[in-house]
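# Geometric and topological summary
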Amino acid sequence: MRIGLLLVLAAYGHAASDYTGQLGYRFELMESTQRYVADGPGHRVSLSSNQVSLTLRSRQIHMTFEGARRGVTLAAEDLLPGRTHHLEGADPAAWRTGVSAYRKVRYSEIYPGIDLVFYGNGKMLEYDYVLRPGADPASIRMRISGADKVRIDAAGDLVLGTGEQDVRWKRPVIYQPGEQSRSVEGRFALDNRGLVRFQVGPYDRSRELVIDPVLAYSTYLGGTGNEAIRAVAADNAGNVFVAGITTTPSLPVSHAVQPAYGGNTTALINGDAFVAKFNSTGALVYLTYLGGSGDDFATGIALDSAGNAWVTGGTSSSNFPVSAAAFQRTYGGAGGNGLMRMGDAFLSKIGPNGDALLYSTYLGGSLDDVGTAVTLDSAGNIYVTGSTRSRNFPVLQPLQAEFAGAGGEQEFPKYEVVPFDAGDAFITKFAAANQAMVYSTYLGGRLDDMPTTIAVDSAGSAYIAGHTLSTDFPTTTGAYQRVNRGSNLDENIFWNFGDAFIAKLNPAGNQLVYSTLLGGTGDDFISSIALDSTGAAYVTGATCSTDFPSTVGVYQKSMRGPSSAPVADVLIGDAFLAKLNPTGTGLAFSTHLGGTGDDAGTAVRLDALGNVYVAGFTDSNDFPTTADGLQRAFGGRGQQNQNQNYGDGFLVMFDAAGAKLTYSTFFGGLFDDEVMAMALDATGNVYLGGSTVSRNLNTKSAFQPAYGGFNNVSRVHGDGFLTVISGFPTPPPVVTGPSVAGITNAASFGAGVVSPGMIFTLFGKGVGPDAVAGAALAPNGTLATLIAET
């Protein structure tokens, strides 16, 4: 069991922000006092055998361990490279030279079966209580002195007031690792003697218990204009790539293929697209504009095996940057919409360092076209989807050769104009080798059809999903739902979505493997899709249909949110998560997710253990959260859109059956915060991107710790934000089988050939330690059960 705690320093009257050293925490032994110390900006942590001290500018806070074992020894672990010389004062005899530094300090057996470990995690200072199976967390008792007040706040954090600054210990997060990882409830508690303890819910005491996802880093990204992150991708080295929209001419560009802002937006909403890359510590690798003199915005991003970023979106710029080998070098045109002017879709490839535009092309006809999502297959082929109003959109080997139609949105009385006509969906595949078009096709009926997301399986079949108003949207025989069940035509509603749809194309792109609708009698839309290894599709979005299909045994069977909009311009309802079987003929499960306000899922991802992650935004202050959530209380709403409150972002983890909410948290400040994109990596990190107008968003190790601002228009983005939450379950390492390195006689350790009756020791990979390692004693005098990491 590991009770992991993160220390946070908060200036009085300001939002809390984690205090971290810019070079990471280094523990050094002060031989004169036998204390280990680590310095951060404005503070020092000092560790002795019976006490931990935090020295601030003018205060000291001490933590002592009630009932701890006497004579606990401290041991430094994980030697850091290099030595430090402290040449302080005029007396060389007092100088300390060649001082070693360590990443960890361990209190061994501070309580029976319990170690306490302090360590630097990147730029964070954390400490864990490590409980072996059978150890009792109730034996841990900490006494705090030096603080004006000790309290537990609404988020479950332990707050130590000091007048000028608060010290905050983040609420512990608890789970039991392994193949069947599960969350465990736990929290701080103050007893009647003022001692800090842990309350831990039921768990398997024969297994290790880990108490830890933490906020790895969180940053604003924006200037005085409007910014929004609309797409996120991550690699397994901890690098994260984001793409979105900016109207700020002075973003902090770095290693940019386009260092200068090119946009000249009239709506103060789009401006230029931007693309940025951050490394595993949250440091900026590159940030570049991408756009011409019109309106440009990015909506999708995907990575290839070389670390190149493929980006799609929309542009009304006739001088959008294109490459010499572009499929379409000239702007096709714009038109066909009421309030919104889209122009052409685009597809661009940016090199891994951000300073090379390796490929870039327009993709569109003479009217409005927009790219909404992009993905790659294992061979590096590129798939783009979006919507088009153009009857001359480029097609090749198509499933549907002709444009089928547009419309279906009601005229909005306030503006006496239809807000947006999507037209038909398109799906286009480009070859990895030379970006030649492999296929391109329309897909749609006589009204609006809008794809929002795309995925591709191991066979090269592309899946798209979105929403449609077409009653003749093409569906396949045996599909789960073939009839469009309708749309909410309330005159107060600005957007109508119709029903959601999911369609699977064969690898050649000229046949539908399956195509199904998904929805009720209100409005329903899908915003994101993910595939498992069987080809089952997981989708999330939102529904205001009281009869949206749900299945038996799921987490939330019925709708809790609004189904009518007497005053609002946008009606969203509840978020949902649904799993479609691999043939598209039925639902494996379907569950609502939400509170009494509007909730929408905007991204869905799967991990290798079968857990399903959903991210989005919620205006429900009763949105369900779990005891281990980073933020259990609703932060606030307003100021982002005059017609719609987005409230807070959220992140949820479901079990594989959609029956249990294993983790759930708000993420947001005082005003509107939208999580619009999410990525996962293989090391337990979840990456969230979106937009916010909250000036008190929880930032940490931030590239940009402070809110930048916004243009006050009808649709305000505020700043973009990127948040990384780490510590989620990861699968056990893959065992590839033993590799024998050598055999020795077990008595003499002499190398030789195995003979009958001989007792021998075998060394190698996957069978034990690579080198000879004998028995060892644990600190309590018993025989160690872990030798050479085996």
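How each quantity is defined
Residues numbered from 1 in each chain as written. Predicted model: local features only at pLDDT ≥ 70, side-chain atom pairs only at ≥ 80, totals over all residues. Heavy atoms only, no water. Phe/Tyr/Trp six-rings, centres within 6.5 Å; stacked < 30°, edge-to-face > 60°. Helix = DSSP H or I, 4+ residues; strand = E, 2+ residues; numbered from the N terminus. Buried < 20%, exposed > 50% of the residue type's maximum accessible area, 1.4 Å probe, protein only. Pairing = 2+ DSSP bridges. Axes fitted to C-alpha atoms, helices over the stretch in contact; angles between N-to-C directions. Salt bridge = Lys/Arg side-chain N within 4 Å of Asp/Glu carboxyl O. Contact = heavy atoms within 4.5 Å. Polar contact = N/O pair within 3.5 Å; in protein donor to acceptor, adjacent residues only side chain to side chain. pLDDT = per-residue confidence, 0-100.

### Some words on the packing of aromatic side chains
For the structure shown, the criterion picks out 28 aromatic pairs. Taken together, a centroid distance of 4.6 Å and an interplanar angle of 35° make the contact between Phe548 and Phe576 tilted. Of this pair, Phe548 sits in the loop between strand 40 (537-543) and strand 41 (574-580) while Phe576 sits in strand 41; the two residues are 28 residues apart in sequence, bridging distant segments of the chain. Like Phe576, Phe548 is buried. The structure contains a cluster of three or more aromatic residues connected by ring pairs, namely Phe320, Tyr331, Phe346 and Tyr362.

### Focus: the sheet that holds strand 37 (residues 499-505)
Within a beta sheet, neighbouring strands are joined by backbone hydrogen bonds and run either parallel or antiparallel to one another. Strand order in this open sheet of four strands is 35-36-37-38, and the pairing throughout is antiparallel. At either end of the open sheet lies a strand with only one pairing partner, and these are strand 35 (449-456) and strand 38 (512-518). Looking at each pair of strands side by side, their axes are set apart by 15° on average, direction ignored. As paired strands, strand 35 and strand 36 (residues 462-468) are joined by seven bridges and run antiparallel to one another. By the bridge assignment for strand 36, Ile454 is matched with Ile464.

### Things to note about the pattern of salt bridges
Enumeration according to the criterion identifies 15 salt bridges in this entry. One salt bridge in this structure joins Lys579 and Asp532, with 4.0 Å as the shortest N-O distance. In this pair, Lys579 sits in strand 41 while Asp532 sits in the loop between strand 39 (524-531) and strand 40, placing the two residues 47 residues apart along the sequence. Overall, the relative accessible area of 21% leaves Asp532 in the partly exposed class. Note that Asp619 is salt-bridged to Arg637, the shortest N-O span being 2.5 Å. Of the two residues, Asp619 sits in the loop between strand 44 (612-618) and strand 45 (648-654) while Arg637 sits in the loop between strand 44 and strand 45, which places them 18 residues apart along the sequence. We classify Asp619 as buried; its relative accessible area is 14%.

### Considering the environment of Thr468
Tracing the sequence through the fold places Thr468 in strand 36. Note on Thr468: relative accessible area 0%, which makes it buried. For the pair Thr468 and Leu447, spaced 21 residues apart in sequence, the C-alpha to C-alpha distance is 7.6 Å. In contact with Thr468, other than residues within four places in its own chain, are Asp448, Asp449, Phe473, Asn484, Phe497, Gly498, Asp499, Phe501 and Leu517.

### Comments concerning the side chain of Ser218
Here Ser218 lies in strand 22 (residues 214-221). A polar atom in the side chain of Ser218 sits 2.8 Å from the side chain of Thr723. Setting aside chain neighbours within four positions, we find Ser218 in contact with Phe667, Asn698, Thr699, Lys700, Ala702, Leu722 and Thr723.

### A look at the confidence of the model for the chain
Looking at the chain as a whole, the pLDDT averages 84, with 80% of positions reaching at least 70. With pLDDT under 50 throughout, residues 10-23 is counted as low confidence; its partners more than four residues away or in other chains account for 38 contacts.

### Brief notes about unusual backbone geometry
For Glu109, which is not a glycine, the phi torsion comes out positive at approximately 50°. Within the element layout of this structure, Glu109 appears in strand 10 (residues 102-111). Of the residues examined, Glu109 reaches a relative accessible area of 15% and is grouped as buried. A positive phi angle, close to 50°, is found at His255, a residue other than glycine. Structurally, His255 is set in the loop between strand 24 (240-246) and strand 25 (272-278).

### Details of the sheet that holds strand 28 (residues 309-315)
An order of 27-28-29-30 is seen for the four strands of this open sheet, with the pairing classed as antiparallel. The strands lining the two open edges of the sheet, one partner per strand, are strand 27 (296-303) and strand 30 (357-363). The sheet shows a mean angle of 20° between the axes of neighbouring strands, taken without regard to direction. Strand direction decides the pairing type here: strand 27 and strand 28, joined by seven bridges, are antiparallel. Bridge pairing in strand 28 links Phe297 to Gly314.

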